[in-house]
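An overview of the molecular structure
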Amino acid sequence: MSLSTDRLTDYLKKEGILVEETDVIRNRDAVLEEIADACRRSGRDPKEVTLIAVSKTKPEEMIRTLYAAGTRDFGENYVQELDGKIADLPDDIRWHMIGHLQRNKVRYVVGRTAMIHSVDSLRLAEEISKESVKKNVISRVLIEVNVAQEENKFGFRLDEVKPFLQQAGTLPGIRFCGLMTSAPYTTNPEDNREYFRALKKLEIDINRSGIDNIQMDVLSMGMTCDYTVAVEEGATCVRVGTAIFGARDYSTR
Ligand SMILES: *Cc1c(COP(=O)(O)O)cnc(C)c1O
């Protein structure tokens, strides 16, 4: 007996076998569409916006599926998980470290990631600098800003960023490419517009003030709950997990 591809797919889906594989691609494409729409609304070029597929807690198979369908930018939060995935998956993936980074784990990340989004202290910046010089690489990093001043989140306050850059801006081996924030979880993305606007304003302010010739052009903001508004407000990277991979299960961690 031979089945047409469609009927085979239907059969496998009914058996719960193929669901995830095909869905992640469809989900990603829907997110890309939403990004393009948000760009149209705000007069931006969709090429300015990188979708980072946040794959933390998700199996390597799902990453391979998206990779085969063209995605190269993936975001991870946990160093140990990132370490394993880097070892197993294709070399041309651009890995983004988006979670809180402890200084004693810096060596696993420097030289192996496209960008570290979560620089949240001078001591961490110094450690990244030291390790980068040792490995003879330039680490591209973002400064994490807790714009909404949430108790449970890492990151500088808005008013701490310029003084930080005045101290850290000349560290060797490290390039401050821009700013990152995680806005509060919300069911109404409009609630977070003010935070994204504030981060964009800070970027403009920093670029005008000419601190050690620092010029920033990366704004990493927007997650599943609010990425369309983040794009309207100038995001150049959005970090989307749930809308692509489905809800995360932390019960096994
Ligand atoms: C998990 C995570 C994301 C993705 O969140 P979703 O709501 O699943 O899109 C983005 N950024 C950071 C820093 C995260 O930890």
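The text that follows walks through the structure, step by step, so that each part is easy to find. This structure is a prediction, so every number in the text was calculated from the model and none was measured.

1. Structural notes on unusual backbone geometry
In this model, threonine 57 sits at a positive phi of 70°, which is unusual for a non-glycine residue. As for its position among the elements, threonine 57 is in the loop between β1 (50-54) and α3 (60-68). Its identity is not glycine, yet asparagine 136 carries a phi of approximately 60°, on the positive side. Among the structural elements, asparagine 136 can be located in the loop between α6 (122-135) and β5 (139-144).

2. Considerations on the packing of α3 against helix α4 (residues 79-88)
One can describe the packing of α3 onto α4 by two numbers: an axis separation of 11 Å at closest approach and a directional angle of 50°. Classed by the angle they form, the pair α3 and α4 counts as oblique. For the crossing formed where α3 meets α4, the hand is right-handed. Contacts between α3 and α4 involve Glu60, Ile63 and Arg64 from the first element and Gly84, Lys85 and Asp88 from the second. Along the lines of polarity and charge, the residues of the contact of α3 with α4 split into 1 nonpolar, 1 polar and 4 charged.

3. Brief notes about the packing of aromatic side chains
Scanning all chains against the criterion turns up 3 aromatic pairs. Between the aromatic rings of phenylalanine 74 and tryptophan 95, the centroid separation amounts to 6.0 Å while the plane-to-plane angle is 40°, which identifies the pairing as tilted. One end of the pair, phenylalanine 74, is in strand β2 (residues 73-76); the other, tryptophan 95, is in strand β3 (residues 94-97), and 21 residues separate them in sequence. As far as burial versus exposure is concerned, phenylalanine 74 and tryptophan 95 are alike and both buried. Taking 5.7 Å as the distance between ring centres and 90° as the angle between the ring planes, the aromatic pair formed by phenylalanine 164 and phenylalanine 176 counts as edge-to-face. Note that phenylalanine 164 is positioned in helix α7 (residues 161-168) and phenylalanine 176 in strand β6 (residues 174-180), a separation of 12 residues in sequence. Each member of the pair, phenylalanine 164 as well as phenylalanine 176, carries the same accessibility label: buried.

4. A short note on the pairing of strand β8 (residues 237-240)
Burial along β8 is two-sided: Cys237 and Arg239 and Val238 and Val240, pointing in opposite directions, are all buried. Examined bridge by bridge, β1 and β8 share 4 bridges and lie parallel to one another. In the sheet register, leucine 51 faces β8, and the bridge partner there is valine 238.

5. A closer look at the pattern of salt bridges
Pairs can form between side chains of opposite charge once their charged atoms are near each other. Taken as a whole and judged by the stated rule, the model has 23 salt bridges. A salt bridge links glutamate 160 to arginine 157, with the shortest nitrogen-to-oxygen separation between them at 3.5 Å. Because the salt bridges share partners, they merge into one network encompassing Arg41, Glu190, Arg193, Arg197, Glu232 and Glu233.

6. Focus on helix α8 (residues 193-209)
Its 17 residues give α8 an end-to-end C-alpha distance of 24 Å, which sits within 8% of 24 Å, the value for a rise of 1.5 Å per residue. All of the buried residues in α8 are Arg193, Phe196, Leu199, Leu202, Glu203, Ile206 and Asn207. In this fold, the buried residues of α8 make contact with α7, β6, β7 (218-220) and α9 (227-232). One or two positions beyond α8, positive phi appears at glycine 210, with a value near 55°.

7. Remarks on α4
Taken together, the buried positions of α4 are Val79, Glu81, Leu82, Lys85 and Ile86. Take α4 and look down its axis: the buried residues cluster within an arc of 155°, on one side only. Projecting away from the buried face of α4 at angles above 90 degrees are the exposed residues Gln80 and Ala87. In this structure, the buried side of α4 is in contact with α3, β2, β3 and α5 (106-109).

8. Considerations on the packing of α7 against α8
Two numbers describe a pair of packed helices, the interaxial angle and the distance between the axes. Two numbers describe how α7 lies on α8: the axes approach to 11 Å, and their chain directions differ by 40°. By the criterion of interaxial angle, the relationship of α7 to α8 is oblique. In this structure, α7 meets α8 at a crossing whose hand is right-handed. Together, Val161, Lys162 and Leu165 of α7 and Leu202, Asp205, Ile206 and Ser209 of α8 make up the contact between the two elements. For the contact of α7 with α8, the residue count by class is 4 nonpolar, 1 polar and 2 charged.

9. A short note on the pairing of β2
Residues Asp73 and Gly75 of β2 are buried on one face, and the alternating residues Phe74 and Glu76, pointing to the opposite face, are buried as well. Bridging between β1 and β2 involves 2 bridges; their strand directions are parallel. Bridging from a neighbouring strand, valine 54 pairs with glycine 75 of β2. On the question of chirality, the crossover connecting β1 to the parallel β2 by way of α3 is right-handed. Taken together, the 4 bridges between β2 and β3 define a ladder with parallel strand orientation. Note on β3: the bridge partner recorded for aspartate 73 is arginine 94.

About the cut-offs
Residues numbered from 1 in each chain as written. Predicted model: local features only at pLDDT ≥ 70, side-chain atom pairs only at ≥ 80, totals over all residues. Heavy atoms only, no water. Helix = DSSP H or I, 4+ residues; strand = E, 2+ residues; numbered from the N terminus. Axes fitted to C-alpha atoms, helices over the stretch in contact; angles between N-to-C directions. Parallel < 35°, antiparallel > 145°, perpendicular 65-115°, else oblique. Left-handed = near helix turned anticlockwise from the far one by under 90°. Contact = heavy atoms within 4.5 Å. Nonpolar A, V, L, I, M, F, W, Y, C, P; charged D, E, K, R; others polar. Phe/Tyr/Trp six-rings, centres within 6.5 Å; stacked < 30°, edge-to-face > 60°. Buried < 20%, exposed > 50% of the residue type's maximum accessible area, 1.4 Å probe, protein only. Pairing = 2+ DSSP bridges. Salt bridge = Lys/Arg side-chain N within 4 Å of Asp/Glu carboxyl O. Expected span 1.5 Å × (residues − 1). Arc of directions from axis to C-beta. Right-handed = clockwise from strand over helix to strand, strands pointing away.

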